[in-house]
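# Structure assessment
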Amino acid sequence: MALNQSYDLFFIFIFNLSLLFTLLPFSFSQTVADAPSPAADTCNGVFLSYAYTSGTKLKPTDPKHQPYRFESVLTVLNNGDEKLKSWRAFVGFKNDEYLVSASNAVLADGTSLPANVGNGTVFAGYPMTDLKTAIETAGDLNQIQVQVKLLGTQFGVAAPSVPLPETIHLANDGFLCPKPSLQGKSEMQVCCTKDPKFKTNVTVEDEFLPRQSGDLTIMYDVTRTYDSNYWAHVTISNHNPLGRLDNWKLSFDWMRDEFIYTMKGAYPYVVDSSDCIFGPQGQHYRDLDFGNVLNCERRPTIIDLPLTKANDTTMGMIPKCCRNGTILPPTMDPSKSSSVFQMQVFKMPPDLNRSELSPPQNWKINGTLNPNYKCGPPVRVSPSQFPDPSGLPSNTTVVASWQVVCNITRPKNANPKCCVSFSAYFNESVVPCPTCACGCPRNSANTCRANATAVLVPPEALLVPFENRTAITRAWADLKHFTVPNPMPCGDNCGVSINWHLYSDFSRGWSARITIFNWDETAFPDWFAAVQLNKATPGFQKMYSFNGTALELNGVNNTIFMQGLPGLNYIVAETDAANPQKDPRVPGKQQTVISFTKKTTPSINIAAGDGFPSKVFFNGEECALPSMLPTNSGNRKGSTTAISILIAVLVFMLVQQ
């Protein structure tokens, strides 16, 4: 009997012991991060590692560009003596990687996943943006370390080779990172230390990072907060003297199933609550009338309201709202260089308390004919202050503030949206906009040549749409004995074209004429243009039909900013001619003469190129320039010029009939 009891006790002990070992790993895995690599022990800065964990071959089979699934882990560990605020890490992908998901991080350039990252990318922390020190946390890995689990597709690297990146390093300012070292064949590591020469105005005691400067900034200020929802005050501010937005569209990603209940000063591009009704939001907010909810998309797009809604008590009444999506540069009108709106955001469990606030990520903003902006992640900054709404001489501090910094970039292979032609008093021909300057339509090989150099044209050809220039261009080529390809070069396909004409050149000064053509169906109110003249700008004197100002950008006085005078600050859209059945459409047009003095630029050579701009901007967009300048070889006497133009016009008219 005693022996049987001993066996029973033994089996009970073994069962309980096995159960304990079964539960222990599960319990620890929920609270403790994976231990860092042993190499991290020798790093007294920020330790980074990239470890490839697994990969498999994917379909379709392609010997030249075979896709493979890859899984890897990026680790960032703060072994320093100061908190690492808003950590960022660069991973130099080099195998045409397509990233599908990344835990605990977002792409710092605001791109939503999945995304192409084959040229390398910067990761930013989310939701844990700051890494504390081991000193203040007693070495708690959950607070000093973050591990980003990556899943994606890479091309061309099959087993047993390992698709490691070119490099990894910390992207925060003020750190020095050597070349990473390999740990075996599947992991690379680097220890980044503080740069002793780096100067910063941030002290260790600062709770928030300082506000950064950029071409455009977006402030996300939480003004009121409740357990289930909060009000956000969003301010878009333009700081670039040549930056601009027209009909702006703002988009971002909700990361925690939030949705927009109502808005003032702006509106969703799509009003739709179906994602909430059929999603977890509808299950949680059973008593909420989703017929009043504005938007439940994970990535909503926000647009500005028209001017007529500025004083609307329901949708407007927000200072600096309702400008039809136009944000001007501060050099043009500081009072119109920002746009503001408010929105009420509902949250989801487990964030149902007043202090749990999470801003949206992956911000993006664009306009119609405007520069391209690339936005970074929102960074927590000191709470903003607004004038007291009661009118008292005091400020009201918001609950929390985040700043998004956006800078003007030109994406690879992106086409401009405007172009420039050159002409001069000493040459009868115009050097037109480059072929396909703003892109070419598909399947154009049978109708035009996309890779052919644009053919010189007479001045009057600039007044008609490109599709109506063929006859007059051929007539001009026959008259001047120019070689014309067959088929003819494609058009520039630009909505806006600008002609820069050297009007005169004499001993004490010179002049130019600039003409802006709008071939689009959209008018341009409050337009502006700018030209960079590397040597001639100091001699700028006056514009006669525009308001012109010399600007110093980045410490260099080489830019002339121009806008229409009152009553002339509107470029109309392309319209039908008086006889649409016979005559081509007519572009919107604005023109002025610009005078310069040579007193401040005595060595300038206008005809040799100093009188032509090196860059031209329209509404903030940099325009495409011709690849060559007019030359003196085309010089003719006045009578010959008049006869030539007359003949070309007559030929054009006969062909049109």
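Shown above is the structure to which this text applies.
The text that follows walks through the structure, step by step, so that each part is easy to find.

What counts, and at which threshold
Residues numbered from 1 in each chain as written. Predicted model: local features only at pLDDT ≥ 70, side-chain atom pairs only at ≥ 80, totals over all residues. Heavy atoms only, no water. Helix = DSSP H or I, 4+ residues; strand = E, 2+ residues; numbered from the N terminus. Buried < 20%, exposed > 50% of the residue type's maximum accessible area, 1.4 Å probe, protein only. Lys, Arg positive; Asp, Glu negative; His and termini not counted. Salt bridge = Lys/Arg side-chain N within 4 Å of Asp/Glu carboxyl O. Polar contact = N/O pair within 3.5 Å; in protein donor to acceptor, adjacent residues only side chain to side chain. Contact = heavy atoms within 4.5 Å. Phe/Tyr/Trp six-rings, centres within 6.5 Å; stacked < 30°, edge-to-face > 60°. Lys NZ or Arg CZ within 6 Å of the ring centre and 35° of its normal. Core = buried A, V, L, I, M, F, W, Y, C linked by side-chain atoms within 4.5 Å. Pairing = 2+ DSSP bridges. Disulfide = S-S within 2.5 Å.

### Brief notes about the side chain of Asp-221
As for its position among the elements, Asp-221 is in strand S13 (residues 216-225). Although buried, Asp-221 forms no salt bridge, and the nearest oppositely charged side chain, Arg-211, lies 5.3 Å from it. Among the polar contacts listed, one links the side chain of Asp-221 to the side chain of Ser-401, at a separation of 2.5 Å. Excluding anything up to four places from it in sequence, Asp-221 contacts Trp-231, Ala-232, His-233, Ser-384, Phe-386, Val-398, Ala-400 and Ser-401.

### What about the packing of aromatic side chains?
Tallying each qualifying case throughout the model produces 21 aromatic pairs. Arranged with centres 5.2 Å apart and planes meeting at 75°, the rings of Phe-252 and Trp-254 form a pair that is edge-to-face. Judged by its relative accessible area of 2%, Trp-254 falls in the buried class. One aromatic cluster in this structure is built from Tyr-220, Tyr-230, Phe-252, Trp-254, Trp-363 and Trp-402. For the cation-ring pair, Lys-249 lies above Tyr-269, with the distance from its terminal atom to the ring centre recorded as 4.3 Å.

### Observations regarding the nonpolar core
Note that soluble globular proteins tend to have their nonpolar side chains buried in a common cluster. Ranked by size, the top nonpolar core spans 35 residues in total, and within it Ile-498, Trp-500, Ile-516, Met-562 and Phe-618 carry the most contacts. For this core, the elements supplying multiple residues, two or more each, are strand S26 (418-424), strand S28 (496-505), strand S29 (509-518), strand S31 (528-532), strand S32 (540-543), strand S34 (556-564), strand S36 (588-597) and strand S37 (615-618). Residues in contact with Phe-618, not counting those within four places in the same chain, are Leu-369, Cys-418, Val-496, Ile-498, Ile-516, Phe-524, Trp-527, Phe-528, Ala-529, Ile-571 and Cys-623. With 31 residues, the next largest nonpolar core counts Trp-248, Leu-357, Trp-402 and Val-404 among its residues.

### Topic: helix H6 (residues 470-480)
Taken together, the buried positions of H6 are Ala-471, Ile-472, Thr-473, Ala-475, Trp-476, Ala-477 and Lys-480. Directly beyond the C-terminal end of H6, a positive phi value near 60° is found at His-481.

### Let's talk about the environment of Tyr-261
Position of Tyr-261 relative to the elements: it lies in strand S16 (residues 259-264). Apart from residues lying up to four places away in sequence, Tyr-261 is in contact with Leu-288, Asp-289, Asn-292, Val-293, Leu-294, Gln-344 and Phe-346.

### Remarks on the pattern of salt bridges
Evaluation of the coordinates by the stated rule reveals 15 salt bridges. Note that Glu-621 is salt-bridged to Arg-410, the shortest N-O span being 3.7 Å. With Glu-621 in strand S38 (residues 621-622) and Arg-410 in the loop between strand S25 (400-409) and S26, this residue pair connects regions lying 211 residues apart in the sequence. Overall, the relative accessible area of 4% leaves Glu-621 in the buried class. Where Lys-535 meets Asp-610, a salt bridge forms, and the shortest distance between an N and an O atom there is 4.0 Å. Here Lys-535 is found in the loop between S31 and S32, whereas its partner Asp-610 is found in helix H7 (residues 606-610), with 75 residues between them in sequence. Looking at Lys-535, the relative accessible area reads 53%, which means it is exposed. Judged by its relative accessible area of 18%, Asp-610 is buried. Sharing partners across several salt bridges, the network here consists of Asp-81, Glu-82 and Lys-194.

### Notes on the environment of Thr-473
By secondary structure assignment, the location of Thr-473 is in helix H6. The exposure class of Thr-473 is buried, given its relative accessible area of 5%. The spacing of Thr-473 and Ala-461 is 12 residues in sequence and 7.4 Å in space, taken between C-alpha atoms. Contact partners of Thr-473, with chain neighbours within four places excluded, come to Val-455, Leu-456, Val-457 and Met-488.

### Some remarks on the pairing of strand S7 (residues 121-125)
For S7, the tally of buried residues reaches 4 of 5 residues, placing the bulk of the element in the interior. With 4 bridges joining them, strand S3 (residues 88-91) and S7 adopt antiparallel strand pairing. Paired with Val-91 across the bridge in S7 is Thr-121. Judged from the 3 bridges that link them, strand S5 (residues 105-107) and S7 form a sheet pairing that is antiparallel. Looking at the pairing, Leu-107 lines up with Phe-123 of S7.

### Observations concerning the state of the cysteines
The final tally for this structure, using the stated rule, is 10 disulfides. Covalent S-S linkage joins Cys-276 and Cys-296, the inter-sulfur distance amounting to 1.9 Å. Because the torsion about its S-S bond is -100°, the bridge between Cys-276 and Cys-296 counts as left-handed. Taken together, the residues span a long stretch of sequence, with Cys-276 in helix H4 (residues 274-277) and Cys-296 in the loop between helix H5 (280-284) and strand S18 (301-304) at a distance of 20 residues. Its relative accessible area of 0% is what places Cys-276 among the buried residues. On the accessibility criterion, Cys-296 (5% relative accessible area) is buried. Bridging Cys-321 to Cys-322, the disulfide has an S-S length of 2.5 Å. In this structure the cystine formed by Cys-321 and Cys-322 twists about its S-S bond by roughly -75°; its chirality is therefore left-handed. For the residue pair Cys-321 and Cys-322, the accessibility class agrees, reading buried in each case.

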